[in-house]
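Residue-level structure breakdown
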Amino acid sequence: MTPMNGPIGPVSRRLEPPDPRCDRSGEHIRVCWERVSKVSTTRGVDGAPPLCRAGIPAEQEWLAKLATKQSLLFVFGDAAPASALKAMCDAADRGARVYVLAKPGFGEGQQEHGLRDRPKAKVLVRRCAHLPFSAALGSDGDIASIWLCEAALDPSWFLSLNPEQASGLRATVLHWWWHEAEDEGWSEPGHKAPLSFRPLRDRAFDAPAPRTGPVRLVQEAESLDPTSVCVCPVGQPPTNCRRVFTPPRGSAVHSLESAARAGCEILWTALGLPKTSISEAAGVLEWSAGSRRVILSLDGAQRQILTAVLSTTPPEWRLRIDAKLGELSGDILLPDATSAIARMERHEVPCGSVQCEQIAGVLTCQPAAFPNPPVLARSVVYSWTALPPKLPGKARKSSLYDQWAHTDQALADRVLALLQALEQSHNRSTGFKERLKSFAAQAMGFQSGWERLSNDLAAMKQLVPSSLRDSDVASLSERFADVTRRTEEFCDGVDRDGLKAEESEQRADWESETRRRKQDLLAVQQQRKEVLDRQQAAQGELDTGEKAAVADSDWKAKRAALKDEIDAMKRTAATLAGKAGEHSAWLEKEKDFRFRPHSAPATVRDKGRKFAPSKPNDARLIVPVHSLPKVGVLYDHDNARYLSVKRWEDVQTGEQEARRLEAKLVVD
Amino acid sequence: MKIELTTPIRVHRFEAFAEMAFYEPRPELQALCAAAVKSANAIDRDVVAQVLPGINEAGVKNILAWCTFIGLCDRLGFLSSAGLRAASEGVAPFLEQGVFGFWVTDHPLPGHRILHVIRIRPDMFNDATTSPIPVRPKPKEISESFIETNLVFELREFPAGEGDPQVEAHRRANPTCELRWTIDPATGTSEWSLDGELDFGRDRPELSSIREMSSNETIDGWHLLGQWADTHLRSVGRWIPDKRRLAVRVAALPEGAIETFAYSTQIENVEVPNRGHFAVAKLKDVPLGPVDRNDAQTWSDQRLAKRMVDQNRYLTRREVVAMFSESVGGTPLEEHAPVLPAHADLCDKFDRNRAAYWAIAAGVDLASTKPAPSDLEARRWASPSSTQVDSSVIDIPRQCTWSMRELAERLLAGVHPNRILLCDRYVRSEWQLESLRVLRDAIRMITPNCTVQVWTERDHDDLKHGDRLKAVLGQEAKWYRDIFGSQSSRWPHARYLLIAGDASPVAWHMSDSPLWAQPAARRPYTISEPLRWRDLLATRQQVANLPEELEAWLKGARS
């Protein structure tokens, strides 16, 4: 195992030669096309009239012969031969009547071919969608030729027809001309203008499609049986041939296999021929024209030349059966492939990714099975990527963190509450000292106890339980319980002493007041008796005076003075009666001593005070069972626990911690 | 051909003392005159006694004298024209003297014809200033009013004593009227009419329109035309009296005249001998012909060219020949025997008209069956050629009068068919269906059990087209669209008659429809009735050269 460091990630791994599993040169390929020659060699085969390579003098000689005609008919398929186009223009310049049957688009734009620059030309053009080849013929059908090509490629061969074939070709072309064309246009005399195309004018007669003869227009393909050689550039080739030229197509490989196993030589080279069938006795060329097929039966001379061409042309491609991979050298086209590819000497096969159960497994794991290598790979290198276990996407941070956070907070809160209780006790103690002389005598030694508790709580306030070891956490709990107990006792002692002192002083005050009020009551009662006596005396004097009032001239004044005196005595007596009642009431009410503490005891039990932290029911500090991991982060997901680490350096510790915590070690 | 002469004429209006006869219904005189008609057109004692039995001699004399006086007969008792009219129409003249208002024409053609007459109160004539009568109408000539229906009258005389009668000429002249004279030389008919208004007002115009009336006039229209041709039409051409046509140079003719062989023009200020002067003479469709052979050739070429250009389609040489025949036959060109140019020359003539050029050239160059070189040579117009028949060609020229039976006998010669198919795009008009019926009858006359089928194109304007064909054939016709598809360019152009039977099948390709034939005369259309044909060339065709659908029918693949 290679020591690893740094971030943990996917690891690329390979399986290479000389591992025997990587050598494939002995593998067999059931069926395939092999390119046996890089360059087509058909250009060297020119043929001879009536079938010769397009562009050689024989073609020009034939066109010169055609030029003697006063009216000519040209057919231009997808690939119009330049020589035929030139012959058309030359004939138009010469004043001959030129009929052109061409595909849509002819006579316009790039396919105008100079017709607008020939104001004297007499050219009638009809356009028809389905023209499988290009041809030229005298309008009376005595001579004709066809340019042969594959599909829409440039013409490769020039085939001059015998008179019967020419007549049949004329009938075929006339059918297209009169029945299949879509529009027509002609050159206008005297001014240079492009051909203007218009709808067809009605024909004067019918030109039925020839269905017999050397050139015919039929619905179904014709097959020669038995056929020795066949060229089939499109479609499905026949299976009863000795030699078949058909283009290599991956989609058709399987369908050719049975013919090849039956002994048919299946080849391809770009011959430039349409579909061709040659047998010992006959030969046909075949084109597809819309829903019909044009069949041209070859005469002996044409067939002989064509047979020679087909037999001497070396193949560019060859269909191979059960070939060993080590024996193939050229490009290979496999079944259902869209293009050929070269044989591969060394090929790397990516095996994708392998997911490991453990982080350390990325250094040793292999795919469960190696994928099939490319068919054409002689040796293979398998490569894959080992992936460490990853934290599940929806994993959440473990609840252990919350529990520890709660413990930390609980300790802090409770230490703070104890500190506050201690502080309050200290404050009350100070108040007691100031108010209660008797308390001061008892408070000796209080300060030293308070300071010890304060120091202990201050030290405990600095502690964070989640960061402690398990053993430290256990002792912390004991220590906290002890200091809590001592603090409560301290606070209770202060309150208790304070109350005793206060009661003692209130009792002394009560006794003193009771004595004072009894004395005052006796004095008031005495004063009132005296007033009442004086009032009675004055009243008697007044009554007496009233009887003798007639004789006393000053009576009136005396009577007013007596009445004022009587009224004053009444008021004084009432006032004294009130004072006596007040003292009597107090004495009645405070007959017994009642202790009235100035304030409720301020202990840690007091829950009514604001801001006073409540004391937990259990004085013990509750801590989680497990301490937090030393490395990584702990996650929970789906009833499982994951310890996530990021660096290789943490893996070893992480594994121990994962075991302790019963978690799976993963990479975040 | 028609000559229409018009000219404004003056109408004199005057008032004069006159003796008039107004024709009124007189049943007793009609009976008398009718009896006279049966008695040698004479009223005599016996006739009167026959009509009025028991009349005495004096009465007879009075009646005869009265009839003579009013003009029914002469002194000898022979009926006058008035008497004959009384016999036939029951009206007889009623004599009346007084002052009358007259409107009288003043032109040699109608003469001094009284157009209308009205009675005038005599007192209005008392203070009149008279003058000699301007025109004197012919007396004792029965006239019909040009204004009032059934007013027939006759001027007996102007009882003026010595000298010309005196009349009160009206101060305001009557508006001129237009005299219109139409001559048809071909039918020898001629009639004139007046168009205009008569003024009845005294102090202000009160116009009444003249009724449409016409009067016949005898004249030799051809002679008149010949006279004018030498004067007014000398610049146009030369009149050929025996051919009754104008020989003209085709170069001077408008395009329409080339086709119609008729020329229309208008000449002014013409004189018709003894009929007076006319402001305008319109000559409609004056017959034309070529001046000479060269002109006839040019004329023929132009007519042929127009036909070919109008066709706007491709033409076979045979169709060109048919067009040439159509353009020459039955026309003044025929006698000059123009020449149909050779195919090559004809193409050259249309070198500047490429549409026509290609229509001719391609029809030959690209013909499925090339014409024989002799067919492409020039040919001079000749009398109708005879019908050509051999085992593979039936050539029916336009002038042929074969009946449908004769055609059927040639078509079916040597075969015993049990079914026949006519493939013809147009079998829809009444006379085509009638010809089909006759063709069917002709075929069944030869082979009674043979079924006749038709492939044609449905006439979408005729909802009962199929029913009408079925009524003729006894079975449903088949439609081109169903057989050959919806693309009409792929439908057969030619007609085909396919004959299937116990022997080898026979296929006739026909250049035209045999159903175009029509009876030469208006007689019941039967299988033996001589017919008029368009050019029709029927040629036997190899089955392999037929359209595939027809070949399939012959092989029994299609019914």
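In short, a report on the structure.

Definitions and cut-offs
Residues numbered from 1 in each chain as written. Chains lettered and ligands numbered in written order. Predicted model: local features only at pLDDT ≥ 70, side-chain atom pairs only at ≥ 80, totals over all residues. Heavy atoms only, no water. Helix = DSSP H or I, 4+ residues; strand = E, 2+ residues; numbered from the N terminus. Buried < 20%, exposed > 50% of the residue type's maximum accessible area, 1.4 Å probe, protein only. Contact = heavy atoms within 4.5 Å. Areas by Shrake-Rupley, 256 points an atom, 1.4 Å probe, with all protein chains shown as cover. Salt bridge = Lys/Arg side-chain N within 4 Å of Asp/Glu carboxyl O. Pairing = 2+ DSSP bridges. Axes fitted to C-alpha atoms, helices over the stretch in contact; angles between N-to-C directions. Arc of directions from axis to C-beta. Buried area = accessible area lost by both parts, 1.4 Å probe. Polar contact = N/O pair within 3.5 Å; in protein donor to acceptor, adjacent residues only side chain to side chain. Nonpolar A, V, L, I, M, F, W, Y, C, P; charged D, E, K, R; others polar. Core = buried A, V, L, I, M, F, W, Y, C linked by side-chain atoms within 4.5 Å. Parallel < 35°, antiparallel > 145°, perpendicular 65-115°, else oblique. Left-handed = near helix turned anticlockwise from the far one by under 90°. 1 Å grid on protein atoms, 1.4 Å probe; cavity = no way out; pocket = protein on both sides within 12 Å on 5 of 7 lines; lining within 4 Å. Points joined across faces, edges and corners; volume = space filled by probe spheres on them. Disulfide = S-S within 2.5 Å. Phe/Tyr/Trp six-rings, centres within 6.5 Å; stacked < 30°, edge-to-face > 60°. Lys NZ or Arg CZ within 6 Å of the ring centre and 35° of its normal.

Here we take up the overall build of chain A. When helices and strands are tallied, chain A shows eleven helices and 27 strands. Going through the 668 residues of chain A one by one, you find that 47% of them count as buried. Across chain A, every contact between residues at least 6 apart in sequence was considered, and the portion connecting residues at least 24 apart equals 74%. Entry remark: accessible area of chain A is about 33,800 Å², with carbon and sulfur atoms responsible for 50%.

Turning our attention to the overall build of chain B. The secondary structure content of chain B amounts to 15 helices and 28 strands. Burial analysis of chain B (559 residues in total) assigns 50% to the buried set.

Another point: the pattern of salt bridges. The tally for this structure, following the rule as stated, stands at 79 salt bridges over all chains. Note that A:Glu590 is salt-bridged to A:Arg596, the shortest N-O span being 3.4 Å. Accessibility expressed as a relative area gives 9% for A:Glu590, which makes it buried. Overall, A:Arg596 belongs to the partly exposed group, its relative accessible area being 40%. A salt bridge links B:Glu259 to B:Arg303, with the shortest nitrogen-to-oxygen separation between them at 3.7 Å. Remark: B:Arg303 occurs in helix H7 (residues 293-311) and B:Glu259 occurs in helix H6 (residues 255-260); sequence separation between them is 44 residues. What you see here is one network of salt bridges that share partners, running through A:Asp456, A:Asp482, A:Arg485, A:Arg486 and A:Glu489.

It is worth spelling out the sheet that holds strand S24 (residues 396-397) of chain A at this point. All names here are of chain A. The strand order across the open sheet formed by four strands is S24-S25-S26-S27, and the pairing between neighbours is mixed. Where the open sheet ends on each side, the last strands, each with one partner, are S24 and strand S27 (664-667). Strand direction decides the pairing type here: S24 and strand S25 (residues 633-637), joined by two bridges, are antiparallel. The residue of S25 that forms the bridge with Lys 397 is Tyr 635. Lying over the sheet, helix H6 (residues 399-435) contacts S24 and S25, oriented at roughly 120° with respect to S25.

Side chains of residues three or four places apart in an α-helix project in the same direction, reflecting 3.6 residues per turn. Residues and elements named next belong to chain B. All buried positions along helix H11 (residues 404-411) are accounted for by Met 404, Leu 407, Ala 408 and Leu 411. The buried residues of H11 occupy an angular sector of 95° when the element is viewed end-on, so they sit on one face. On its buried face, H11 sits against strand S20 (393-396), helix H12 (430-446), strand S24 (495-501), strand S25 (506-510) and strand S27 (531-532).

Where interface size is quoted, it is often the accessible area lost as the parts come together. Every contact between the two is made by 38 residues of chain A and, on the other side, 38 residues of chain B. Considering only the side of chain A, the residues that lose the most area to chain B are A:Arg201, A:Asp206 and A:Arg211, jointly responsible for 22% of the buried surface there. Counting every contact that joins chain A to chain B gives five salt bridges. With its nearest N and O atoms 2.5 Å apart, the salt bridge here joins B:Asp365 to A:Arg97. In this structure, the connection of chain A to chain B is made through 27 residue pairs in polar contact (both at pLDDT 80 or more). Residue contributions to the side of chain A that touches chain B peak at six residues, all from helix H3 (residues 163-180) of chain A. Partitioned by chemical class, the residues of the side of chain A that touches chain B number 16 nonpolar, seven polar and 15 charged.

The linkage connecting A:Pro17 with the following residue, A:Pro18, adopts the cis geometry, with an omega of 10°. Position of A:Pro18 among the secondary structure elements: in the loop between strand S1 (11-15) and strand S2 (28-35). With an omega of 10°, the peptide bond running from A:Pro49 to A:Pro50 counts as cis. Even without being glycine, A:Glu662 reaches a positive phi, approximately 60°. Within the element layout of this structure, A:Glu662 appears in the loop between helix H11 (651-661) and S27. A positive phi angle, near 55°, is found at B:Asn269, a position not held by glycine. With respect to the helices, strands and loops of the structure, B:Asn269 is situated in strand S15 (residues 262-272).

Generally speaking, nonpolar side chains in soluble globular proteins are found buried as a group. Counting 133 residues, the largest nonpolar core has A:Leu169, B:Leu5 and B:Trp228 as its most contacted members. By residue number, the principal contributor to this core is H3(A), which donates seven residues. Excluding residues within four positions of it along the chain, B:Trp228 makes contact with B:Ile3, B:Leu5, B:Leu233, B:Ile267, B:Val270, B:Glu271, B:Val272, B:Ala281 and B:Leu283.

All names here are of chain A. At a minimum axis distance of 10 Å, the contact between H6 and helix H8 (residues 446-461) shows a crossing angle of 160°. If you check the angle between H6 and H8, you find them roughly antiparallel. As for how H6 packs across H8, the hand of that crossing is left-handed. Judged by residue contacts, Leu 411, Val 415, Leu 418, Leu 419, Leu 422, Glu 423, Ser 425, His 426 and Ser 429 of H6 engage Phe 446, Gln 447, Trp 450, Leu 453, Ser 454, Leu 457, Ala 458, Met 460 and Lys 461 from H8. Grouping the amino acids of the contact of H6 with H8 by side-chain chemistry returns eleven nonpolar, five polar and two charged.

Time to look at the layout of surface pockets. Over the atoms, a rolling probe the size of a water molecule traces out where space has been left empty. Residue and element names in this part refer to chain B. Taken as a whole, the second largest pocket spans an internal volume of roughly 920 Å³. Lining the second largest pocket we find 34 residues, and of these Gln 311, Arg 313, Glu 319, His 493 and Arg 495 sit closest to its centre. At the level of elements, H7 and helix H8 (317-328) are the ones that each hand at least two residues to the lining of the second largest pocket. Among the elements that line the lining of the second largest pocket, the one with the most residues is H8, at five residues. Looking at the lining of the second largest pocket, its residues break down into eleven nonpolar, six polar and 17 charged.

The next thing to look at is the state of the cysteines. Residue and element names in this part refer to chain A. Across all of its chains, the model carries zero disulfides over all chains by this definition. Cysteine Cys 22 is unpaired, with the sulfur of Cys 351 as its nearest cysteine sulfur at 9.5 Å. With relative accessibility at 1%, the residue Cys 22 sits in the buried group. With no disulfide of its own, Cys 365 lies closest to Cys 356 among cysteine sulfurs, the gap being 3.3 Å.

Below, the discussion takes up the packing of aromatic side chains. By the definition in use, this model includes 30 aromatic pairs over all chains. Measuring from centroid to centroid gives 5.8 Å for B:Phe22 and B:Phe100, while their planes differ by 40°, and the two rings are tilted. A residue pair is termed long-range when its members are at least 10 positions apart, and B:Phe22 in strand S1 (residues 2-25) and B:Phe100 in strand S2 (residues 91-106) qualify at 78 residues. The same class applies to B:Phe22 and to B:Phe100, which are both buried. An angle of 85° between the planes, with centres 5.1 Å apart, marks the rings of B:Tyr357 and B:Trp358 as edge-to-face. The class for B:Tyr357 is buried, based on a relative accessible area of 2%. Through a chain of ring-to-ring contacts, the aromatic side chains of A:Tyr99, A:Trp177, A:Trp178, A:Phe205, B:Tyr314, B:Tyr357 and B:Trp358 assemble into a single cluster. Over the face of the ring belonging to A:Trp186 we find A:Arg198, whose NZ or CZ atom lies 3.9 Å from the ring centre. Here B:Arg419 stacks its cationic end above the ring of B:Trp553, 4.1 Å away from the centre of that ring.

Residues and elements named next belong to chain A. At a minimum axis distance of 8 Å, the contact between helix H9 (residues 470-547) and helix H10 (residues 555-589) shows a crossing angle of 160°. On the basis of the axis angle, H9 is roughly antiparallel to H10. In this structure, the crossing between H9 and H10 has a hand that is left-handed.

Further remarks concern the environment of B:Ile118. Residue and element names in this part refer to chain B. Note that Ile 118 resides in strand S3 (residues 114-120). Separated by 103 residues in sequence, Ile 118 and Glu 15 place their C-alpha atoms 9.1 Å apart. With sequence-adjacent residues up to four places away left out, Ile 118 is seen in contact with Val 99, Phe 100, Gly 101, Trp 103 and Phe 200.

All names here are of chain A. Spatial strand order, S13-S19-S18-S17-S14-S15-S16-S20-S2-S21: ten strands in an open sheet with mixed pairing. Looking at the sheet topology across the chains shown, the edges are occupied by strand S13 (215-218) and strand S21 (332-333). Two elements, strand S14 (residues 227-231) and strand S15 (residues 241-245), share four bridges in a ladder whose sense is parallel. Within S15, the residue paired with Thr 227 across the bridge is Cys 241. Along the sheet, helix H4 (residues 253-261) contacts S2, strand S16 (265-268) and strand S20 (317-324); its crossing angle with S2, the most-contacted strand, is approximately 100°.

With that out of the way, let us pick up the environment of A:Ile8. All names here are of chain A. Residue position: Ile 8 is located in the segment before S1. For the pair Ile 8 and Asp 650, spaced 642 residues apart in sequence, the C-alpha to C-alpha distance is 9.7 Å. For Ile 8, the residues in contact, after removing those within four places along its chain, are Ile 359, Pro 388, Val 645, Lys 646, Arg 647, Trp 648, Val 651 and Val 667.

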